[in-house]
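Each chain, letter by letter, is given below.
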Amino acid sequence: MKYWLMKSEPDTFSITDLAQRPGQIEPWDGVRNYQARNMMRDDMQVGDLVFFYHSNCAEPGIVGIMAVAKAGYPDASAFDPDDKHFDPKSNLEQPRWFRVDVQYVRTLSRTITLHELKLKPELADLALVRRGNRLSIMPVSAAQWQFILALE
C-alpha cells in the first residue's frame, strides 16, 4: 500500500462534500498537471490511503482521510466541451488526463495545519512543506503518514 496527499479548495470540493456523496465515493477529476496525472494513472492503486488537504483557504491543512476506490482511468471531464476542465487535445483513443475515484474514510478530529507541519523537522522531506511545491497530488512515505497521524 502507498500513501498520498491530495489537495482541494474547500469552496470547490471539501471533505464534507466527499462524506455526503452517494457511497461516499467521488471521481477526483480536473487534475491538469502531468506529474500529478502520472501518479494517478501509474502509481495509485485501490486501497491506497490519502490525506485530504484543504488548500487556498484561511487555514490550509490536512482535514481527513480517504482511500483510492478505483485506480486511474481517463478523466471524462477532458472530453466535455461544457466542462471547465475540457481539453480539446484529449480524446478517448489517446486520453491525456486521468483520474481516480476516492472514498471517504474519516474526518480528522482537528485540522493539522500547514504551519504546524512546516515546524516539524521529521517532515522536512515531505513534498508539501518544500518551498515552491504546488502539486495537487503528492506521495507520502509510510513514516511521514504515521508521524502526521500521531499529531491528531
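Scroll up to find the structure this text is about.
Residues numbered from 1 in each chain as written. Predicted model: local features only at pLDDT ≥ 70, side-chain atom pairs only at ≥ 80, totals over all residues. Heavy atoms only, no water.

### Some points on the packing of aromatic side chains
Note the following rule: Any two rings among Phe, Tyr and Trp, with Trp reduced to its six-membered ring, count as a pair given centres within 6.5 Å; such a pair is stacked if its planes are under 30 degrees apart, edge-to-face if over 60, and tilted if neither. For a lysine, the NZ atom is tested; for an arginine, the CZ atom; a charge sits over a ring if that atom is within 6 Å of the ring centre and within 35 degrees of the ring normal.
Inspection of the entire model under this criterion finds 6 aromatic pairs. A network of ring pairs unites the aromatic residues Tyr-3, Phe-51 and Trp-145 as a single cluster. Sitting over the face of the ring of Phe-98, Arg-41 holds its NZ or CZ atom 6.0 Å from the ring centroid. Over the ring of Tyr-73 we find Lys-70; its NZ or CZ atom is 4.0 Å from the centre of that ring.

### Brief notes about the nonpolar core
Selection rule: In these notes, a set of buried Ala, Val, Leu, Ile, Met, Phe, Trp, Tyr and Cys residues joined through side-chain atoms within 4.5 Å is what counts as a nonpolar core. Categorising residues by exposure relies on relative accessible area from a 1.4 Å probe, with only protein chains included: less than 20% of the type maximum marks a residue as buried, more than 50% marks it as exposed, and the intermediate range marks it as partly exposed. The criterion used for residue contact is that any of the two residues' heavy atoms lie within 4.5 Å.
Met-6, Trp-28, Ile-62, Leu-117 and Ile-137 are the most contacted members of the largest nonpolar core, which totals 41 residues. Excluding anything up to four places from it in sequence, Trp-28 contacts Met-6, Lys-7, Ser-8, Phe-13, Met-40, Phe-52, Met-66, Arg-99, Val-100, Val-102 and Ile-137.

### What to know about the pairing of strand β1 (residues 3–8)
Let me state the cut-off plainly: The secondary structure listing takes helices from DSSP runs of H or I that are at least 4 residues long and strands from runs of E that are at least 2 residues long, numbered from the N terminus. Two strands qualify as a pair provided that DSSP identifies no fewer than 2 bridges between them.
Extensive coverage of β1 is indicated by the burial of 6 of its 6 residues. With burial as the criterion, each face of β1 is covered, one bearing Tyr-3, Leu-5 and Lys-7 and the other bearing Trp-4, Met-6 and Ser-8. Note that β1 and strand β3 (residues 49–54) share 6 bridges and pair parallel. For Lys-7, the partnering residue across the bridge sits in β3 and is Tyr-53. Sheet topology places β1 next to strand β6 (residues 137–140); 4 bridges connect them, and they run antiparallel. Counted as the bridge partner of Trp-4 is Pro-139 from β6.

### Some details on the sheet that holds β3
Rules: Whenever a helix is involved, its axis is fitted only over the stretch in contact; in every case the axis is a line through C-alpha atoms, and angles between N-to-C directions fall within 0 to 180 degrees.
If you walk across this open sheet you meet the 6 strands as β2-β5-β4-β3-β1-β6, and the pairing is mixed. Lying at the two open borders of the sheet, with one neighbouring strand each, are β2 (25–28) and β6. With direction set aside, neighbouring strand axes in the sheet form an average angle of 35°. Across 4 bridges, the pairing between β2 and strand β5 (residues 98–113) is antiparallel. Residue pairing across strands places Glu-26 opposite Val-102, the latter belonging to β5. Where helix α4 (residues 142–151) meets the sheet, its contacts fall on β1, β3, β4 (61–74), β5 and β6, and the angle it forms with β3 comes to roughly 55°.

### Regarding the layout of surface pockets
Any space left empty among the atoms is revealed by the rolling of a water-sized probe across them. Condition: Using a 1 Å grid laid over the protein atoms alone, points where a 1.4 Å probe fits but cannot get out form a cavity; open sets with protein on both sides within 12 Å along at least 5 of 7 lines form a pocket; any residue with an atom within 4 Å of a point counts as lining. Grid points are joined across faces, edges and corners, and a volume is the space filled by probe spheres set on the points. Charged means Asp, Glu, Lys or Arg here, nonpolar means Ala, Val, Leu, Ile, Met, Phe, Trp, Tyr, Cys or Pro, and polar covers whatever is left, Gly included.
A volume near 930 Å³ is recorded for the largest pocket. Residue lining of the largest pocket: 31 residues in total, with Lys-7, Ser-8, Glu-9, Ser-55 and Ser-136 positioned closest to the centre. Sorting the residues of the lining of the largest pocket by element identifies β1, β2 and α3 (114–118) as the ones contributing at least two each. Here the lining of the largest pocket gets 3 residues from one element, more than from any other, and that element is β2. Looking at side-chain class alone, the lining of the largest pocket contains 10 nonpolar, 10 polar and 11 charged residues.

Keep in mind these numbers describe shape, not what the thing actually does.
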